[in-house]
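Chain by chain, the residues run as shown.
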Amino acid sequence: MARPRKPLLSTDRIVETARALVDAEGLAAVSTRRLAAELGVSGPSLYNHFRTKDEILEAVADSVSAQVDLSMFEDGRDWRTALHDWAVSYRAAITDHPNIVPVLARGPGRRPAGLRLADAVFGAMVAAGWPPAQATSIGALMRYFVMGSALGSFAGGFVDDESAYDPSDYPHLGQAHLLAERQQKIDERAFETGLRALLDGLAMQYEQLASATQTS
């Protein structure tokens, strides 16, 4: 009986396997030896697709960027709605893969999906009337905010032991032990609160910019 054929090694298979390792065990878990073992191939065969571990991690990061929806910048939504919807999609993508955030935080570098993301945000802001310098700042600001929200959970940082919050020491934390069990709801509400406040501030700047343009 013929032995079953192993799936052909491909760039996509390597990236998918590396991404699963990063998700499960963190960046340190990824090595060419470990990936080769997971894929059932010899180590040197990986070098036909990637020269280094860093290249693999860059590809994993780009695969996460590729999950971010960019359609809101092309379908006629106003700049504020588009930024809001994009930020929600961006956060969803990296919340699913938080261990890759340190690589994403370096910036897009030469990563195609990362560059498409930056291009879409910048282009949409300029098209909406923001000066290029401010459009650049908006892109940076949004990236800081979204990535920061994915680095950890505020609610999850509190233990669920009521005795840890002695009212004589922490008179205002009597309900803090309940935060962890409501982690997702609290964190999502906090993100939405911050995002709306950020967009409110940008909207005020946008109105000031429009007024200054009209009077000049």
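A brief report on the enclosed structure follows. Remember, it's a predicted structure, so these values are computed and weren't measured experimentally. Note on numbering: residues in each chain are counted from 1, in written sequence order. Predicted model: local features are reported for residues with pLDDT of at least 70 only, side-chain atom pairs are reported and counted for 80 or more only, and whole-chain, interface and lining totals are derived from all residues. The side-chain quantities take in all heavy atoms of the structure and omit both hydrogens and water.

1. A few points about the overall build of the protein
Worth spelling out the cut-off: Runs of E in the DSSP output that reach at least two residues are strands. Runs of H or I that reach at least four are helices, and both are numbered from the N terminus. Only protein chains enter the calculation, and the probe is 1.4 Å; a residue is then buried if its accessible area is under 20% of its type maximum, exposed if over 50%, and partly exposed in between. Working rule for contacts: check all heavy atoms of both residues, and any pair within 4.5 Å makes them a contact. Only the protein chains shown count as covering a residue, and every accessible area follows the Shrake-Rupley method with a 1.4 Å probe. The positive count covers Lys and Arg only, the negative count covers Asp and Glu only, and His and the chain ends enter neither. The location of each charge is read from NZ of Lys, CZ of Arg, CG of Asp or CD of Glu.
Across its full length, the protein carries 8 helices and 0 strands. In the protein, the succession of α and β elements from N to C terminus is α-α-α-α-α-α-α-α. The principal-axis extent of the C-alpha atoms belonging to the protein is close to 80 × 55 × 30 Å. When burial is assessed residue by residue, the protein has 34% of its 216 residues classed as buried. Taking the contacts inside the protein whose residues are at least 6 apart along the sequence as the reference set, 69% of them involve residues at least 24 apart. With the model as given, the accessible surface of the protein reaches about 12800 Å², and the carbon-plus-sulfur share is 54%. Here the protein contributes 21 positive and 27 negative side-chain charges, whose respective centroids are spaced 10 Å apart.

2. Examining the nonpolar core
Going by this rule: Each nonpolar core is a collection of buried residues, namely Ala, Val, Leu, Ile, Met, Phe, Trp, Tyr and Cys, held together in the definition by side-chain atoms within 4.5 Å.
By size, the foremost hydrophobic cluster in this structure holds 48 residues, and its most contacted members are Phe73, Leu83, Trp86, Ile94 and Met125. Counting only elements with at least two residues in this core, the list comes to α1 (11–25), α2 (32–39), α3 (53–65), α4 (79–95), α5 (101–104), α6 (112–127), α7 (132–150) and α8 (183–215). Ranked by the residues each element gives to this core, the list is headed by α4, at 8 residues. Here phenylalanine 73 is in contact with Ala82, Leu83, Trp86, Ala120, Val121, Ala124 and Met125, once residues within four sequence places are set aside. Ala155, Tyr165, Ala176 and Ile186 belong to the second-largest nonpolar core, a separate cluster that totals 5 residues.

3. Describing the pattern of salt bridges
Put simply, the rule reads: Basic side-chain nitrogens of Lys or Arg form a salt bridge, by our definition, when they fall within 4 Å of a carboxyl oxygen of Asp or Glu.
The full count for this structure, using the stated rule, is 9 salt bridges. Between glutamate 58 and arginine 106 there is a salt bridge, with its nearest N and O atoms 3.2 Å apart. One end of the pair, glutamate 58, is in helix α3; the other, arginine 106, is in the loop between α5 and α6, with 48 residues separating them in the sequence. Glutamate 58 gets classed as partly exposed once you look at its relative accessible area, which sits at 23%. With a shortest N-O distance of 2.6 Å, aspartate 200 and arginine 80 are connected by a salt bridge.

4. Here we look at the packing of aromatic side chains
Just so we agree on the cut-off: Aromatic rings from Phe, Tyr and Trp, taking only the six-membered ring of Trp, are treated as a pair when their centres fall within 6.5 Å; an angle between ring planes under 30 degrees marks them as stacked, one over 60 as edge-to-face, and anything in between as tilted.
Evaluation of the coordinates by the stated rule reveals 7 aromatic pairs. Residues tryptophan 79 and tryptophan 130 carry aromatic rings whose centres are separated by 5.3 Å and whose planes lie at 90° to one another, so their mutual orientation is edge-to-face. Residue tryptophan 79 is located in helix α4, and its partner tryptophan 130 is located in the loop between α6 and α7; the two are separated by 51 residues in the primary sequence. Judged by its relative accessible area of 12%, tryptophan 79 falls in the buried class. With a centroid separation of 5.2 Å and 20° between ring planes, the pair formed by phenylalanine 145 and phenylalanine 191 is classed as stacked. Of this pair, phenylalanine 145 sits in helix α7 while phenylalanine 191 sits in helix α8, placing them 46 residues apart in sequence.

5. Quick word on α1
Because an α-helix packs 3.6 residues into every turn, residues spaced three or four apart end up facing the same way. What counts here: To estimate the expected span of a helix, subtract one from its residue number and multiply by 1.5 Å.
Between its first and last C-alpha, α1 extends 21 Å over 15 residues, near the 21 Å set by a 1.5 Å rise per residue. Its buried side turned inward, α1 meets α2 and α3. Trailing α1 by a residue or two, glycine 26 shows a phi angle of about 100°, which is positive.

6. Regarding the environment of alanine 127
For alanine 127, the location among the structural elements is in helix α6. Expressed as a C-alpha distance, the spacing of alanine 127 and tryptophan 79, which sit 48 residues apart in the sequence, is 8.9 Å.

7. Quick look at the packing of α1 against α3
The criterion, for reference: Angular values range over 0 to 180 degrees, each being the angle between N-to-C directions of two axes fitted as lines to C-alpha atoms, with helices fitted over their stretch in contact. Note that the term roughly parallel is reserved for angles under 35 degrees, roughly antiparallel for angles over 145, roughly perpendicular for angles of 65 to 115, and oblique for everything else. Ten residue types, Ala, Val, Leu, Ile, Met, Phe, Trp, Tyr, Cys and Pro, are classed as nonpolar, four, Asp, Glu, Lys and Arg, as charged, and the remainder, Gly among them, as polar.
Contact geometry of α1 with α3 gives a least axis separation of 9 Å together with a crossing angle of 85°. Classified by the angle between their axes, α1 and α3 sit roughly perpendicular to one another. The segment α1 lies against α3, with Val15, Ala18, Arg19 and Val22 engaging Ile56, Leu57, Ala59, Val60, Ser63 and Val64. Taken together, the residues that form the contact of α1 with α3 break down as 8 nonpolar, 1 polar and 1 charged.

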